[in-house]
Amino acid sequence: TVNEGVENLTDWWGMGVGSQFDDILLAANGAGSDVILNATVEAGRHVTVLARDSVEQNVVLNPDETLLSRGDILAGFTDLFTPNDPQGSIDVEAFGGSVTMADGTVSQTQGGHIRYAAPMADVTLGLLDAGDGMVQIIAGGSILDARADTVVHGAEGFAGQTGADRTENIIASA
């Protein structure tokens, strides 16, 4: 579980895991293990999240219902030597369970590819924004929208910087 961890004024608000120049790998390899993101994961390059069971990207509220943190995933943003590096990618896979993004969560690159896979269950999407990169979604069950309206090109599930038509690779076997 990744939680928001502001300990002092130099910590980033809402940040759980960050790496300015490198990759981040979060893996829950034990039987029935989940990766639960309650705070942002941001890497200067690539982010990989692997769970033997399920992956959850959550929105966490304070007791007064104000936003505390979101389980966003950001890749390719903070590398000062290669800013906005289109090589920053996001790969999320739940081998035995589902991938669930809460409404309001975002996975975003600056043109790098995004891949979400749950070969044995459903994938529920918040917002996937790969800029000019490609998005691949693989689900053994259904591909669902966390906002419960639609998942089509141009809906909340997909976003592009130019608004031009793009091809998404979507595979569902339900």
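Chemist: Which residues make up unusual backbone geometry, and what values go with them?
Modeler: Positive phi values are uncommon outside glycine, yet glutamate 65 reaches one of about 75°. Locating glutamate 65 in the fold gives a position in the loop between strand 7 (59-61) and strand 8 (67-70).

Chemist: I'd like a rundown of the side chain of glutamine 57, residues and numbers included.
Modeler: Tracing the backbone through its elements, the reader meets glutamine 57 in strand 6 (residues 55-57). According to the relative accessible area criterion, glutamine 57 is buried, its value standing at 0%. A polar contact is formed between the side chain of glutamine 57 and the backbone oxygen of glycine 71, at a distance of 2.8 Å. For glutamine 57, the residues in contact, after removing those within four places along its chain, are Leu37, Gly71, Asp72, Ile73, Thr100, Met101, Ala102, Thr105, Val106, Ser107 and Tyr116.

Chemist: Outline the packing of aromatic side chains, supporting the account with residue identities and numerical values.
Modeler: In the structure shown here, the tally under the stated rule is zero aromatic pairs. The ring of phenylalanine 95 is capped by arginine 52, whose NZ or CZ atom sits 5.0 Å from the centre of that ring.

Chemist: Explain the pattern of salt bridges to me, using residue names and the numbers behind them.
Modeler: Counted by the stated rule, this structure contains four salt bridges. Among the salt bridges present, the one from arginine 115 reaches aspartate 91, with a minimum N-O distance of 2.7 Å. Taken together, the positions of arginine 115 in strand 13 (residues 114-118) and aspartate 91 in strand 10 (residues 90-94) put the pair 24 residues apart, joining distant regions of the chain. Here aspartate 103 makes a salt bridge to arginine 147, at a shortest N to O gap of 3.2 Å. Of this pair, aspartate 103 sits in the loop between strand 11 (99-101) and strand 12 (106-109) while arginine 147 sits in the loop between strand 17 (143-145) and strand 18 (158-159), placing them 44 residues apart in sequence. Judged by relative accessible area, arginine 147 falls into the partly exposed class, the value being 44%. One network of salt bridges, in which partners are shared, links Asp91, Glu93 and Arg115.

Chemist: Summarise the sheet that holds strand 6; cite the residues concerned and give the values.
Modeler: Reading across from one edge, 3-6-11-14-17 is the order of the five strands in this open sheet, with parallel pairing throughout. The sheet terminates laterally at strand 3 (35-37) and strand 17, the two strands that pair on one side only. Each neighbouring strand pair of the sheet contributes to a mean axis angle of 10°, computed without reference to strand direction. Where strand 6 lies against strand 11, three bridges are found, and the strand directions are parallel. Each residue of the ladder has a partner; that of glutamate 56, found in strand 11, is threonine 100.

Chemist: Residues and numbers for the pairing of strand 13, please.
Modeler: With four of five residues buried, strand 13 lies mostly within the body of the structure. In this structure, strand 10 lies alongside strand 13, joined through four bridges in parallel fashion. Within strand 13, the position partnered with glutamate 93 by the bridge is alanine 117.

Chemist: A description of the confidence of the model for the protein chain should follow, citing residues and the corresponding values.
Modeler: Per-residue pLDDT for the protein chain averages 78, and the proportion of residues at 70 or more is 69%. For the protein chain, strand 18 is the element with the lowest average pLDDT, namely 46, and strand 10 is the one with the highest, namely 97. Considering only residues more than four positions removed or in separate chains, one finds that residues 152-168, a stretch of pLDDT under 50, has 40 contacts.

Chemist: Tell me what's going on with a nonpolar patch on the surface, and back it up with residues and numbers.
Modeler: Side chains of Val59, Leu61 and Leu67 sit close together on the surface and give an oily, nonpolar patch of about 210 Å² of accessible area. Turning to its location among the elements, leucine 67 is positioned in strand 8. For leucine 67, a relative accessible area of 34% puts it in the partly exposed group.

Chemist: Tell me what's going on with the pairing of strand 8, and back it up with residues and numbers.
Modeler: By the bridge criterion, three bridges tie strand 7 to strand 8 in an arrangement that is antiparallel. Considered in strand 8, the bridge of valine 60 is made with serine 69. The turn joining strand 7 and strand 8, which pair antiparallel and follow one another in sequence, is formed by five residues; a positive phi near 75° is taken by glutamate 65.

Reading the values: the criteria
- Residues numbered from 1 in each chain as written.
- Predicted model: local features only at pLDDT ≥ 70, side-chain atom pairs only at ≥ 80, totals over all residues.
- Heavy atoms only, no water.
- Helix = DSSP H or I, 4+ residues; strand = E, 2+ residues; numbered from the N terminus.
- Buried < 20%, exposed > 50% of the residue type's maximum accessible area, 1.4 Å probe, protein only.
- Polar contact = N/O pair within 3.5 Å; in protein donor to acceptor, adjacent residues only side chain to side chain.
- Contact = heavy atoms within 4.5 Å.
- Phe/Tyr/Trp six-rings, centres within 6.5 Å; stacked < 30°, edge-to-face > 60°.
- Lys NZ or Arg CZ within 6 Å of the ring centre and 35° of its normal.
- Salt bridge = Lys/Arg side-chain N within 4 Å of Asp/Glu carboxyl O.
- Pairing = 2+ DSSP bridges.
- Axes fitted to C-alpha atoms, helices over the stretch in contact; angles between N-to-C directions.
- pLDDT = per-residue confidence, 0-100.
- Patch = residues over 30% accessible without salt bridge, like charges linked within 9 Å, V, L, I, M, F, W, Y side chains within 5 Å.
- Areas by Shrake-Rupley, 256 points an atom, 1.4 Å probe, with all protein chains shown as cover.

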